Amino acid sequence: MSVRKLLLVVAVLGLGVIACGSTPRYGGTLRYAMYGEPPTLDMHVTTSVLASVVAHHIFEGLFDFGADYTPKPVLLESFEYQGEGTTVVFHLRKGVLFHNGKEMTSEDVVASLKRWGEFGVQSKQLWNLVISINAPDKYTVVLQLSEPFGPLPAYLANIYGGPRIYPKEVAESAGAQPMSPDKYIGTGPYKFVEWSPGRWIKLARFDQYASPPGPSDGFTGSKVAYIDEIIFVPVPDPMTRVAGVLAGEYDYADSIPTDLYDSLAASPNVVPLLLTNPPIYPAMVMNTKQGLMSNVTMRQAVLATLNMEEALRAAYGDERFWSLESSYFAKGIIWYSPAGKEYYNQNNSAKARELAKQAGYAGEPVRFLVSSDYKHHYDQAVVLAQQLRSAGFNVDLQVYDWATLLQRRANPELWDIFFSHFLTVPEPCLVLFLPGTYPGWWQNPKKNELVALMNSTLDFETRYSIWEQIQALIWEDVPFIKIGNAFFLDIISTRVKSSDHPIMLIPYFWNMWLE
Amino acid sequence: MISFLIKRLAALVPTVLLVITLSFFLLHMIPGDPAAVLLGPNATPEQIAALKHSLGLDRPVFVQYVKYMARVLRGDFGNSIYFQQPVLKVVLSHAEASFLLATLGLMVVILLGVSSGVTSAVLSRTAYDKVFLTFALLGASIPSFWLGLLLILLFGVRLRVFPTSGFVSVLSTGNLSNLRYLVLPALTLGAVNSAVVARVTRSAMLEVLHQQYIDVARAKGLNSANVILKHALRNAAIPIVTVLGFVFAGMMATAVVTENVFAIPGIGRLVVQSVLRRDYPMIQGIMVLVAFLYLVVNLATDIVYTILDPRIRLT
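Figured I'd write up the structure that's included with this text. Bear in mind the structure is a predicted one, so any value in this text is a computation, not a measurement.

**Digging into the interface of chain A and chain B**
So, step 1. In this complex, chain A contributes 45 residues to the contact, which on the side of chain B involves 46 residues.
So, step 2. Across the interface of chain A and chain B, roughly 3900 Å² is buried in total on both sides, 55% from carbon and sulfur atoms.
So, step 3. With a shortest N-O distance of 3.6 Å, B:E96 and A:R199 are connected by a salt bridge.
So, step 4. Counting across the interface, chain A meets chain B through 13 residue pairs in polar contact (both at pLDDT 80 or more).
So, step 5. Within the residue set of the side of chain A that touches chain B, elements represented by two or more residues are α7 (238-246) and α13 (402-409) of chain A.
So, step 6. Element by element, the count of residues in the side of chain A that touches chain B is highest for α13(A), at 6 residues.
So, step 7. Here the side of chain A that touches chain B is composed, by residue class, of 24 nonpolar, 13 polar and 8 charged.

So this is what it looks like as structure tokens:
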């Protein structure tokens, strides 16, 4: 079997490393054709995936995720819990420089955490517990909590809206609004050069980068910036992204239609990367606060109706690009669990009718919101709405653009179900709808108790058993219905090489070189 | 002429103010929230409300309008909510790509549309004319995204003579060879728009070619080319110039599909993306630019009329 074929098999199996071989060399420009343009690179205030893809090369956090999705120190030498876990002491690495040449010290970390805590979109679970944060010396930060917070390292490692470390003067001058591009100063292997809206975002190697010690391990360990310059170019049309890589103008392109997989696999210039590790998951979110779906029996009736396979096939086609899976964590992530799977993919209209009858349903419209901006959302919603209609539900499928859907879903009076997709996260505390602030507003006394217990527990085994109970409860109480796993397709030029580069949540280009 | 120009430019002011006012209130009437788009799908309602407050979007629309107008009158169009960069800077950087693309597109239109329209009129009711009419219908029907992708596959991927997509500034680099990025998009835009211009040219020329002064010119022994280009085309040019003006403005402001296919950072793509992001200051800035553009194109068309036909006086 040739190396290329072997790589394809590896990519398909989702175990993957991106192309290997050849001797590492410095130099060159990598051009990345992106499907869109991020709203900002200020990671404290956005959870945009596109922002993370770019900003992950510029900014670093105290922690990040290893290849197995366990959090590991990046800007830290070590950390320790004191007392009963309510005091956390962070020991910073020495000699880490910002892109402006200044050394990163504890005052930068304190200022960054404070700004993220106050304005961050993914900070409140931790920040509500913070009593104080201070810097007793140049390389030590002490966080005092009102109670232990078990997921602390994973929470600080979060790549979608987690606390990246900025220089103190930048963090202190930034408020609720995203920072302007001239303030993008981090400690990462690449520094920000220029953002020309609609044209590109340019990054250049940071020659004084201080890499974390140890072997490369996912987003952690040794990071070597071989490539001189990375240019992220927004190319909205997927066929143009493909043509650009085939013509050698781009080296990487994301969000490629999966029906091109076979023809791309046959091309000598590109390797298709099926992003199975981890997948995304499409889902229906229930309005548990108000209206028809505030009745748990109605939610169970909806769940009993659904045939997930039909919906996934309609949206993603061939079975290579999706899988039936009830676990909220993908296989390979330590939180994977089959708990609650007996409720998944029931496809039982008779049971659904019976449950709806028990709930007192009398044909009122079920307002089901979906956005036409995401074709796979729309395709699945059409199939699922039809299944619900066949089971006797009076479904009012309302199709909006994404901005309108975001606004409407914030008002519990306007909807019963909305459709979206979610990224697999590496830790339960990062599951969006658990805290009960996400639209759908799931509040369940048992869930609240279990989440509080899981968050205040430091031991993994205990936390895992609590998570299994929570996942089972999600399938019983039905605030949210996972449809299955779906795999995006990216492509990479064969001239991009790496020695060991596992596919992770988002693409990253350190430890890679151009042939 | 000078007084005409002053009058037309003075008329620009109320037009632009009207455009700003109408678009401001229309934009704020459509649902959607820029803060929610900016923060991403994970933001809580409290965080969205905090950002709206910080951006001043929670104030009454009329108050926002007054503040916005006060800034605009000082020449400040504000910052883009999405890019956190000055609106004027972003709009002008997109205007360069659009202007160059529309100019090259117009050259293609003149080359293809006007020349084939003239030929078809001269050879009317011949086999060529029938072939031309078929191609004109085909040209008007071809979706630009399809033609664009075919050109990309042929000239970008197979022959590799032109870039598949993207744009590099000619102004900031001073490098005219960067125009190669616009060759395929200009061909796409030009081919699609040529059909309309060709049909207008044909019909205007047919009307003129039946006039008595053309017979007189021929009777005087003038050669055919002289009659067609000097006597007929010049007199048929007014409707052609009118259409070319609108085609140019359209290619500059609304070439969304072509700009998307070729990843050109132009005005059309920017306006659609800004609407989807509900980037109010950006949309307002583009509206002003587009209003200005149409008025300038109209003005230029009027001036060309006087050159083509000295009987027309601008007052």
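**So, the pairing of strand β15 (residues 394-400) of chain A**
Residues and elements named next belong to chain A.
So, step 1. In this structure, strand β14 (residues 365-371) lies alongside β15, joined through 7 bridges in parallel fashion. Along β15, the bridge assignment pairs V370 with V399.
So, step 2. Where the polypeptide runs from β14 across helix α12 (residues 375-390) and back to β15, its parallel neighbour, the crossover connection is right-handed.

**Topic: helix α9 (residues 296-305) of chain A**
Residues and elements named next belong to chain A.
So, step 1. Most of α9 sits inside the fold, with 8 of its 10 residues counted as buried.
So, step 2. Among the residues of α9, those classed as buried are T297, M298, R299, A301, V302, L303, A304 and T305.
So, step 3. Residue N295 occupies the N-cap position of α9, its side-chain oxygen lying 2.9 Å from the main-chain nitrogen of T297.

**Observations regarding the packing of aromatic side chains**
So, step 1. With the rule as written, the count across this model stands at 50 aromatic pairs over all chains.
So, step 2. Ring plane angle 75° and centroid distance 5.2 Å describe the contact between A:F329 and A:W467, whose orientation is recorded as edge-to-face. In this pair, A:F329 is assigned in the loop between β13 (322-323) and α11 (349-358) and A:W467 in helix α15 (residues 460-477), connecting sequence segments 138 residues apart. Neither A:F329 nor A:W467 differs from the other in exposure class; each is buried.
So, step 3. Relative to B:F25, the ring of B:F24 lies with its centre 5.6 Å away and its plane at 75°, an arrangement referred to as edge-to-face.
So, step 4. The class for B:F24 is buried, based on a relative accessible area of 4%.
So, step 5. Classification of B:F25 by relative accessible area gives partly exposed; the value is 29%.

**Digging into the nonpolar core**
A general trend in soluble globular proteins is that nonpolar side chains are found buried together.
So, step 1. Membership of the largest hydrophobic core comes to 268 residues, with the highest contact counts inside it found for A:L62, A:F90, A:F232, A:M284, A:F393, A:W467 and A:I481.
So, step 2. Look past the residues within four positions of A:F393 in its chain and what remains in contact with it is A:M298, A:A301, A:V302, A:T305, A:A356, A:Y361, A:V366 and A:L388.

**Concerning the pattern of salt bridges**
Residue and element names in this part refer to chain A.
So, step 1. Per the stated rule, a full pass over the model turns up 28 salt bridges over all chains.
So, step 2. Put simply, R299 and D477 hold a salt bridge, and the shortest N to O gap is 3.3 Å. Of this pair, R299 sits in helix α9 while D477 sits in helix α15; the two residues are 178 residues apart in sequence, bridging distant segments of the chain.
So, step 3. Here D477 falls in the buried class, since its relative accessible area comes to 12%.
So, step 4. Linking E309 and R313 is a salt bridge whose minimum nitrogen-to-oxygen distance equals 3.2 Å. Here E309 and its partner R313 are both found in helix α10 (residues 308-316), 4 residues apart, which amounts to about one turn of the helix.
So, step 5. With a relative accessible area of 35%, R313 lands in the partly exposed category.

What counts and how
- Residues numbered from 1 in each chain as written.
- Chains lettered and ligands numbered in written order.
- Predicted model: local features only at pLDDT ≥ 70, side-chain atom pairs only at ≥ 80, totals over all residues.
- Heavy atoms only, no water.
- Contact = heavy atoms within 4.5 Å.
- Buried area = accessible area lost by both parts, 1.4 Å probe.
- Salt bridge = Lys/Arg side-chain N within 4 Å of Asp/Glu carboxyl O.
- Polar contact = N/O pair within 3.5 Å; in protein donor to acceptor, adjacent residues only side chain to side chain.
- Helix = DSSP H or I, 4+ residues; strand = E, 2+ residues; numbered from the N terminus.
- Nonpolar A, V, L, I, M, F, W, Y, C, P; charged D, E, K, R; others polar.
- Pairing = 2+ DSSP bridges.
- Right-handed = clockwise from strand over helix to strand, strands pointing away.
- Buried < 20%, exposed > 50% of the residue type's maximum accessible area, 1.4 Å probe, protein only.
- Phe/Tyr/Trp six-rings, centres within 6.5 Å; stacked < 30°, edge-to-face > 60°.
- Core = buried A, V, L, I, M, F, W, Y, C linked by side-chain atoms within 4.5 Å.

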